[in-house]
Amino acid sequence: MEIGSKIKELRILKGLTQEELADRAELSKGFISQLERDLTSPSIATLIDILQCLGTNIHEFFTEASDEQVVFKKTDYFEKSDTELQNKIEWIIPNAQKNMMEPILLTLQANGSTYPDNPHEGEEFGYILQGSILLHIGNKTFKAKKGESFYFIPDQKHYITTKTGAVVLWVTTPPSF
């Protein structure tokens, strides 16, 4: 690990000049410059002082961040088909239950396909990618078609039906699927 370049990166993220960091750590600007170019190494005590000025500590500084997956391909999806309800759910972000929201791709077949859900805490959002749906929330029914979206607080029994078939991008928070 190149300590100097990592210190420079943290300094820039904090919006500090070399001189400002040097002043805060009671060091010279020249020392900070040499340190950032890996021309010199700090003592442990000096490194601790510098890191404290940068709002971090030794443990965080030397802990390598894991590369978290950002883009997910079709092969990453988890799929579940329900022949009785005539729908297919694709969890398009694997392990999303650990996140604040959970998006799914819901495919409903024509003629009576449905997707039921019970009341729960959180929020729900959907975007109709294909077809049209009827969104039933409590005793109210709402129509939505391709290019339209919906948003509601799921505090009542709710479900989607379609006669024509539909594909819906559905996001719920917190995850409940």
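Residues numbered from 1 in each chain as written. Predicted model: local features only at pLDDT ≥ 70, side-chain atom pairs only at ≥ 80, totals over all residues. Heavy atoms only, no water.

**A short note on the pattern of salt bridges**
For step 1, the next point in the chain: Applying the stated criterion across every chain yields a total of 4 salt bridges.
For step 2, the next point in the chain: A salt bridge links Glu-90 to Lys-74, with the nearest nitrogen and oxygen atoms 2.5 Å apart. Of this pair, Glu-90 sits in strand β2 (residues 87-91) while Lys-74 is found in the loop between α5 (58-62) and β1 (78-82), placing the two residues 16 residues apart along the sequence.
For step 3, the next point in the chain: Judged by its relative accessible area of 3%, Glu-90 is buried. (Salt bridge = Lys/Arg side-chain N within 4 Å of Asp/Glu carboxyl O. Helix = DSSP H or I, 4+ residues; strand = E, 2+ residues; numbered from the N terminus. Buried < 20%, exposed > 50% of the residue type's maximum accessible area, 1.4 Å probe, protein only.)

**Re the side chain of Thr-161**
For step 1, the next point in the chain: Secondary-structure assignment places Thr-161 in strand β8 (residues 158-162).
For step 2, the next point in the chain: Those residues within four positions of Thr-161 in sequence are excluded, and the remaining contacts are Ser-113, Thr-114, Ile-133, Leu-134 and His-136. (Contact = heavy atoms within 4.5 Å.)

**Some words on the confidence of the model for the chain**
For step 1, the next point in the chain: Taken over all residues, the pLDDT of the chain has a mean of 88, while the share at 70 or more is 95%.
For step 2, the next point in the chain: When pLDDT is averaged over each element of the chain, helix α3 (residues 29-36) comes out on top at 96 and strand β4 (residues 113-117) at the bottom at 80. (pLDDT = per-residue confidence, 0-100.)

**A short note on a nonpolar patch on the surface**
For step 1, the next point in the chain: Residues Phe-125, Tyr-127, Leu-129, Tyr-151 and Ile-153 make up a contiguous nonpolar surface patch of about 440 Å² in total accessible area.
For step 2, the next point in the chain: With 3 residues, the single largest contributor to the nonpolar patch is strand β5 (residues 123-137).
For step 3, the next point in the chain: Within the fold, Tyr-151 resides in strand β7 (residues 149-152).
For step 4, the next point in the chain: Tyr-151 gets classed as partly exposed once you look at its relative accessible area, which sits at 49%. (Patch = residues over 30% accessible without salt bridge, like charges linked within 9 Å, V, L, I, M, F, W, Y side chains within 5 Å. Areas by Shrake-Rupley, 256 points an atom, 1.4 Å probe, with all protein chains shown as cover.)

**Things to note about α3**
For step 1, the next point in the chain: Those residues of α3 lying buried are Ile-32, Ser-33, Leu-35 and Glu-36. In a view along the axis of α3, the buried residues occupy a sector of 165 degrees, so they form one face of it.
For step 2, the next point in the chain: Residues of α3 that are buried in the fold lie against α1 (3-13), α2 (18-25) and α4 (44-53).
For step 3, the next point in the chain: Positioned one or two residues after α3, Asp-38 has a phi angle of 55 degrees, which is positive. (Arc of directions from axis to C-beta.)

**Points about the pairing of β8**
For step 1, the next point in the chain: Counting buried positions along β8 gives 4 out of 5 residues, so the element sits mostly inside the fold.
For step 2, the next point in the chain: In this sheet, β8 lies alongside β5 in antiparallel orientation, the contact comprising 4 bridges. Opposite Ile-137, over in β8, you have His-158 as the bridge partner. (Pairing = 2+ DSSP bridges.)

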